[in-house]
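Each chain is listed here by its residues.
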Amino acid sequence: MVQKYQSPVRVYKYPFELIMAAYERRFPTCPLIPMFVGSDTVNEFKSEDGAIHVIERRCKLDVDAPRLLKKIAGVDYVYFVQKNSLNSRERTLHIEAYNETFSNRVIINEHCCYTVHPENEDWTCFEQSASLDIKSFFGFESTVEKIAMKQYTSNIKKGKEIIEYYLRQLEEEGITFVPRWTPPSITPCSETSLSSCKKQAASMAVVIPDAALKEGLSGDALSSPSAPEPVVGTPDDKLDADYIKRYLGDLTPLQESCLIRLRQWLQETHKGKIPKDEHILRFLRARDFNIDKAREIMCQSLTWRKQHQVDYILETWTPPQVLQDYYAGGWHHHDKDGRPLYVLRLGQMDTKGLVRALGEEALLRYVLSINEEGLRRCEENTKVFGRPISSWTCLVDLEGLNMRHLWRPGVKALLRIIEVVEANYPETLGRLLILRAPRVFPVLWTLVSPFIDDNTRRKFLIYAGNDYQGPGGLLDYIDKEIIPDFLSGECMCEVPEGGLVPKSLYRTAEELENEDLKLWTETIYQSASVFKGAPHEILIQIVDASSVITWDFDVCKGDIVFNIYHSKRSPQPAKKDSLGAHSITSPGGNNVQLIDKVWQLGRDYSMVESPLICKEGESVQGSHVTRWPGFYILQWKFHSMPACAASSLPRVDDVLASLQVSSHKCKVMYYTEVIGSEDFRGSMTSLESSHSGFSQLSAATTSSSQSHSSSMISR
């Protein structure tokens, strides 16, 4: 497995030229890096005007590895080749390094770049990426991988310290300024030296490609060198190391890399509409920074939020009066760490009465609104306290808890709430303080604890009776001034006291069932299943030409092909695929096919858009300007792996990919709308995608489109 690393952007508040002077002092050896024994220059090139300097070094490293492993490998030192390409005109330094030792067994590649800060030309940015691929190593592949990652992360941490060390050294020597490169004065060639000038230019044209063409320099590099692709962008698309420390906390280099790589994947698949960095980090922490696992649960959560419009719950949903009066919970200041504090007097709450009066779904929606408010308060406290705060503390008072609270439908509702919160709000609970736990508590704990994640359970602190008042109790976590009055504190707590819900507010099972259905069907999105040989299709009738069909869909599972067709005649009435093996009528989504099997493409219907292949996890928005009235069919079709053109035998990758697709089933969640051309926002020549309601967890929403003469598809 290939291990990859991507650093955040590290900013030095010094000019580029001064940073370069400090950097060069690392060679031929650096005492601050004990493993760096020495280096020899094997190749060097300088342009005549001094703007380009390419130097290649062979570096000798004494890797901290077990002596037995070194003996088996038959080496004492490891050699790397490092190629530095300095462009003083553009003020950039590109560094490429690869291993020379064991290059047939282990492949290590690293790329670093120093550039000028895009917003301050007197600052310098640094960014690096690396990859490690161990093919084989005498059966010690896992050990070598751990050693390599340990050594690399250790050197990453030292990188900034080393530059700052040499900057101080320069300052002690009185060097605080290094002038920028300026082109030398040009002296015209005399007639006698004209031929020698031409010969020089010709020889340079030969030397430059060999020494520096790979660094982005063309044959006429001396006069107009082509700048390499910039690796330092704006704060919106790159993460700054100082920003990470200020708003996200202290992360190890590998944790920073996981965050950046997952963020980049989201940018590529969702085109800028990505969750906030702290939200991405929560999912990574919930899966111990395993990118694949974190990506899977995060995509599922984002789809869930979009489908149920959770982002708008605080603005569009008002809790029923029964909840406001009898739900004994509310926000109450913050704990000693600055986390928002939520107080829940569970023992005083009539869970049976609330479930009978409101139903399970209303309680769930209320808990979701509490979590959304918690996310908002974390952001506010991060700004107030000047340090990252990404979770809250919950104080649960169990005084009054009895067998009434173990009423089976109430426990069922509690388990459902725990399941939803665990899946969609990971790592938001910083600490749970359970106070005055009665004898019946172990029974409740036995019921709910299996549904709570192990990482979450470690954050539970349980106190029986008045133990919370002693050493290691409440005062260790909450300031004395804000301990609630019902816990013998000095602060008046405005949390409702709860109490029994009047039976006059109870509702029948039929009323609750209808209300529950209404709550979770309030969504503009529909779900559909797509199978191999059974696409899902929807029909849109257009009366007026130049109308605009807009769509917004997420590929929840598998890869699909999206098509748009036009027909002058209406297809047969829609009917669901009845293949029992496909389980079309399962709750996972419906499957409708409209195009009759006897229809022929080009005769009975025509394709009006090029097919669009959409990968699992992608969010796609787009629009199509209709040229003719009639019937338009939007189709989501199973995407089959292409056959190998060179051989009739299937490729191993194709076979493995097909095995991973369970029953050849894909799932999509979609929304479509037809808008009159006069009502569509944006010009008809440059259409923008319609509002998709992706996720307000996104810090910014942008559209990226590919525009055709009559349509636009954007991911």
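Please read all numbers here as calculations on a predicted model, not as lab measurements. (Residues numbered from 1 in each chain as written. Predicted model: local features only at pLDDT ≥ 70, side-chain atom pairs only at ≥ 80, totals over all residues. Heavy atoms only, no water.)

**Focus on the overall build of the protein chain**
Using the following cut-off: Working definition: helices are DSSP H or I runs of at least four residues, strands are E runs of at least two. Numbering for both runs from the N terminus. Summary of the burial criterion: residues with accessible area below 20% of their type's maximum are buried, those above 50% are exposed, and those between are partly exposed, where the area comes from a 1.4 Å probe applied to protein chains only. The Shrake-Rupley method, run with a 1.4 Å probe sphere, supplies the accessible areas, and residue values consider only the shown protein chains as cover.
Secondary structure assignment for the protein chain yields 17 helices and 26 strands. The buried share among the 715 residues of the protein chain stands at 48%. Element-wise, carbon and sulfur atoms account for 52% of the exposed surface of the protein chain, whose accessible area totals about 36600 Å².

**Observations concerning the nonpolar core**
Heads up, the condition is: Take the buried residues of types Ala, Val, Leu, Ile, Met, Phe, Trp, Tyr and Cys, join any two whose side-chain atoms come within 4.5 Å, and each joined set is a nonpolar core. When checking whether two residues touch, look at their non-hydrogen atoms; a contact exists if any pair is within 4.5 Å.
Leu323, Tyr327, Leu354 and Leu398 are the most contacted members of the largest nonpolar core, which totals 52 residues. Elements that contribute at least two residues to this core include exactly α10 (321–326), β10 (340–344), α11 (351–358), α12 (360–385), β11 (392–397), α13 (408–424), β12 (429–437) and α14 (441–448). If one sorts the elements of this core by residue count, α12 sits on top with 9 residues. In this structure Leu354 touches Val322, Leu323, Tyr326, Tyr327, Met349, Gly359, Leu363 and Val501, once residues within four positions along its chain are discounted. Core analysis: the next-biggest nonpolar cluster, separate from the first, contains 39 residues, Val63, Leu86, Val144 and Ile163 among them.

**Examining helix α7 (residues 277–286)**
Across the 10 residues of α7, 8 count as buried, placing the element largely inside the fold. Burial in α7 covers these residues: Asp277, His279, Ile280, Leu281, Arg282, Phe283, Leu284 and Ala286. On the buried face of α7, the contacting elements are α5 (241–248), α6 (253–270), α8 (291–307), α12, α13 and α15 (454–457). One or two steps after α7, the chain reaches Asp288, where phi turns positive at roughly 50°.

**Notes on the packing of aromatic side chains**
Applicable threshold: Aromatic rings from Phe, Tyr and Trp, with only the six-membered ring used for Trp, were paired whenever their centres fell within 6.5 Å, and each pair was classed as stacked if the ring planes differed by under 30 degrees, edge-to-face if by over 60, and tilted otherwise. The rule for a charge over a ring is simple: NZ of Lys or CZ of Arg within 6 Å of the ring centre, and within 35 degrees of the ring normal.
Across all of its chains, the model carries 20 aromatic pairs by this definition. With centroids separated by 5.1 Å and ring planes inclined at 70°, the aromatic side chains of Tyr165 and Tyr166 adopt a geometry described as edge-to-face. Exposure remark for Tyr165: the relative accessible area of 31% places this residue in the partly exposed category. Of the residues examined, Tyr166 reaches a relative accessible area of 4% and is grouped as buried. When the ring of Tyr327 is compared with that of Tyr366, the centres are 4.9 Å apart and the planes differ by 80°; the resulting orientation is edge-to-face. Of this pair, Tyr327 sits in the loop between α10 and β9 (329–334) while Tyr366 is found in helix α12, placing the two residues 39 residues apart along the sequence. An aromatic cluster is defined as three or more aromatic residues linked by ring pairs; in this entry it consists of Tyr23, Phe27, Phe36, Tyr114 and Phe126. One residue, Arg57, lies across the ring of Phe27, its end atom 3.8 Å from the ring centre. Sitting over the ring of Tyr77, Lys60 keeps its end group 4.2 Å from the ring centre.

**Here we look at the environment of Asp325**
Its location among the elements puts Asp325 in helix α10. Measuring from C-alpha to C-alpha, the distance between Asp325 and Gly498 comes to 6.9 Å, with 173 residues separating the pair along the chain. Apart from residues no more than four positions distant in its own chain, Asp325 is found in contact with Pro496 and Gly498.

**Notes on unusual backbone geometry**
In this model, Phe27 is joined to Pro28 through a cis peptide bond whose omega is 5°. Secondary-structure assignment places Pro28 in the loop between α1 (16–24) and β3 (36–46). Positive phi, normally seen in glycine, also occurs at Phe102, with a value near 55°. Assignment of secondary structure puts Phe102 in the loop between β6 (92–99) and β7 (106–117). Residue Phe102 is classed as buried on the basis of its relative accessible area of 17%. For His333, which is not glycine, the phi dihedral falls at a positive 55°. If you trace the backbone, His333 turns up in strand β9. Look at His333 and you get partly exposed, because its relative accessible area is 45%.

**Focus: the confidence of the model for the protein chain**
Quick reminder of the rule: The predictor reports its confidence for every residue as pLDDT, a score running from 0 up to 100.
For the protein chain, the average pLDDT comes to 80, and 80% of its residues sit at 70 or higher. The low-confidence segment residues 188–236 (pLDDT under 50) makes 61 contacts with residues lying over four places distant or belonging to another chain. Here residues 681–715 scores under 50 on pLDDT; set against residues more than four positions off or in separate chains, the count is 108 contacts.

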